[in-house]
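# Close look at the chain arrangement
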Amino acid sequence: MIYRTRGKQSLDGGRRTRRAVAAAWLALFVATRTACGDDYLESHRFAAPEATQAAAADERFVYAIANKVVAKYDRERQQLVARSTGEATHLNTGFFLGGKMYCAHSNFPQKPDRSDIKILDPKTMVLETFKDFGASDGSLTWAVFEKGAWWCNFAFYGEENRKTYLARLEDWREVARWTYPAEVVKAFGKNSASCGIWRDGQLLITGHDEREIFVLEIPDQGQRVLNHVRTVAAPFTGQGFAVDPVSQGLIGIDRAARQIVFAK
């Protein structure tokens with residue numbers, strides 16, 4: 001009787017130990033997935049001398065964006081196909097909509113700030129002005145169309161970078177604006193928000209140099225500071241990035257290496 005009781009207690013204790021170990025492993029797995037599950041990993045890259053400001057892509061080609069020119073590269077052969085024509089001073093980002101690329105553009109670092117959106121026809125590679133903001137409150141670094149509106153980021157730098165804001169424009173009329181949370185502005189250093197896109201109902205934002213993406217959300221009505229949800233790793237440095245429609249991952253640049261970087 002005593003032996004059987006001890007055996008049962010020993011068996012129950014062993015079960016509890018195994019359950020505790022399994023629970024610990026499950027908690028570790030969940031924590032690891034929470035910390036790393038949203039990170040973007042590099043799939044491949046290739047050289048593009050024009051990859052100094054941003055990258056973008058359509059189904060057949062990838063595009064390296066420099067201050068004054070957009071270069072078109074064959075996706076498979078990784079070879080230059082064409083370069084844009086048309087005047088530009090400081091192109092920042094590229095966003096595809098309806099088969100055309102829309103590029104945030106400004107006169108940075110000149111003052112006073114002037115900003116506009118350029119449009120590029122990938123077939124002709126002609127770069128023209130789509131929307132001229134004229135004198136602007138800040139320097140336009142990225143612009144995307146989502147939810148029936150244009151979302152335009154106007155950047156400030158140095159000691160003023162906390163003034164950087166995201167504006168929602170309907171029929172080119174500003175209906176709302178938000179600034180960035182203090183911890184994200186701190187991560188920008190002396191720079192600002194270089195690029196942003198909408199994905200799965202959230203904003204993905206990059207700074208200027210670090211290999212990271214800030215995941216943000218629009219706050220409740222009446223609040224004027226974006227919500228910082230989390231920060232995830234990326235294989236490309238800051239600057240301009242975009243969705244790759246082929247892989248459904250992201251495409252960005254390594255500015256120092258002059259390379260286009262694909263992330264999954």
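Residues numbered from 1 in each chain as written. Predicted model: local features only at pLDDT ≥ 70, side-chain atom pairs only at ≥ 80, totals over all residues. Heavy atoms only, no water.

### What to know about the environment of Glu59
Here Glu59 lies in the loop between β2 (54–57) and β3 (61–65). Glu59 sits in the exposed class, given a relative accessible area of 55%. When neighbours within four sequence positions are excluded, Glu59 is seen to be in contact with Arg75, Pro245 and Val246. (Helix = DSSP H or I, 4+ residues; strand = E, 2+ residues; numbered from the N terminus. Buried < 20%, exposed > 50% of the residue type's maximum accessible area, 1.4 Å probe, protein only. Contact = heavy atoms within 4.5 Å.)

### Focus on the nonpolar core
Of all hydrophobic cores here, the largest spans 27 residues; its most connected members are Val62, Val70, Tyr73, Leu91, Met101, Ile251 and Ile260. Those elements that place two or more of their residues in this core are β2, β3, β4 (70–74), β7 (100–106), β19 (250–254) and β20 (259–263). If one sorts the elements of this core by residue count, β3 sits on top with 5 residues. Aside from chain neighbours lying at most four places away, what touches Met101 is Ala56, Tyr63, Ile65, Val70, Gly94, Phe95, Phe96, Lys118, Ile119 and Leu120. Counting 19 residues, the second-largest nonpolar core is a separate cluster that includes Tyr180, Phe214, Leu216 and Leu226. (Core = buried A, V, L, I, M, F, W, Y, C linked by side-chain atoms within 4.5 Å.)

### Here we look at unusual backbone geometry
The peptide bond linking Phe108 to Pro109 adopts the cis configuration, its omega dihedral lying at 10 degrees. You can see Pro109 is positioned in the loop between β7 and β8 (114–121). Put simply, Lys111 and Pro112 share a cis peptide bond, and its omega is -5 degrees. By the element assignment, Pro112 lies in the loop between β7 and β8. For Gln78, which is not glycine, the phi torsion reads 60 degrees and is therefore positive. Mapping Gln78 onto the fold places it in the loop between β4 and β5 (80–83). Residue Trp172 is not a glycine yet carries a positive backbone phi of 65 degrees.

### A closer look at the pattern of salt bridges
The full count for this structure, using the stated rule, is 14 salt bridges. Note that Asp116 is salt-bridged to Lys118, the shortest N-O span being 3.7 Å. The buried category is assigned to Asp116, whose relative accessible area is 10%. Looking at Lys118, the relative accessible area reads 8%, which means it is buried. We note a salt bridge from Glu159 to Lys190, for which the minimum N-O separation is 2.4 Å. Of this pair, Glu159 sits in the loop between β11 (149–155) and β12 (165–170) while Lys190 is found in the loop between α2 (182–188) and β14 (195–199), placing the two residues 31 residues apart along the sequence. Through salt bridges with shared partners, a single network forms among Glu42, Arg45, Arg211 and Asp254. (Salt bridge = Lys/Arg side-chain N within 4 Å of Asp/Glu carboxyl O.)

### As for the confidence of the model for the chain
A low pLDDT score tells you not to read the predicted coordinates there in detail. Here the chain shows a mean pLDDT of 90. Residues at 70 or above account for 86%. For the stretch residues 1–11, pLDDT sits under 50, and the model shows 0 contacts to residues farther than four places along the chain or on other chains. Predicted confidence is poor over residues 20–36, with pLDDT under 50, and the contacts of this stretch with residues over four places away or in other chains come to 1 contact. (pLDDT = per-residue confidence, 0-100.)

### Considerations on the packing of aromatic side chains
On inspection of all chains with the given rule, the structure shows 19 aromatic pairs. With centroids separated by 5.9 Å and ring planes inclined at 65 degrees, the aromatic side chains of Phe130 and Trp172 adopt a geometry described as edge-to-face. Of this pair, Phe130 sits in strand β9 (residues 126–135) while Trp172 is found in the loop between β12 and β13 (173–179), placing the two residues 42 residues apart along the sequence. With a relative accessible area of 36%, Phe130 lands in the partly exposed category. Here Phe236 and Phe241 contribute two aromatic rings whose centre-to-centre distance is 5.7 Å and whose plane-to-plane angle is 25 degrees, an arrangement assigned as stacked. Joined through ring pairs, the aromatic side chains of Phe95, Tyr102, Phe130, Phe133, Phe145, Trp150, Phe154, Tyr165 and Trp172 make up one cluster. Between the NZ or CZ atom of Lys72 and the centre of the ring of Phe61, over which it lies, the distance is 4.3 Å. (Phe/Tyr/Trp six-rings, centres within 6.5 Å; stacked < 30°, edge-to-face > 60°. Lys NZ or Arg CZ within 6 Å of the ring centre and 35° of its normal.)

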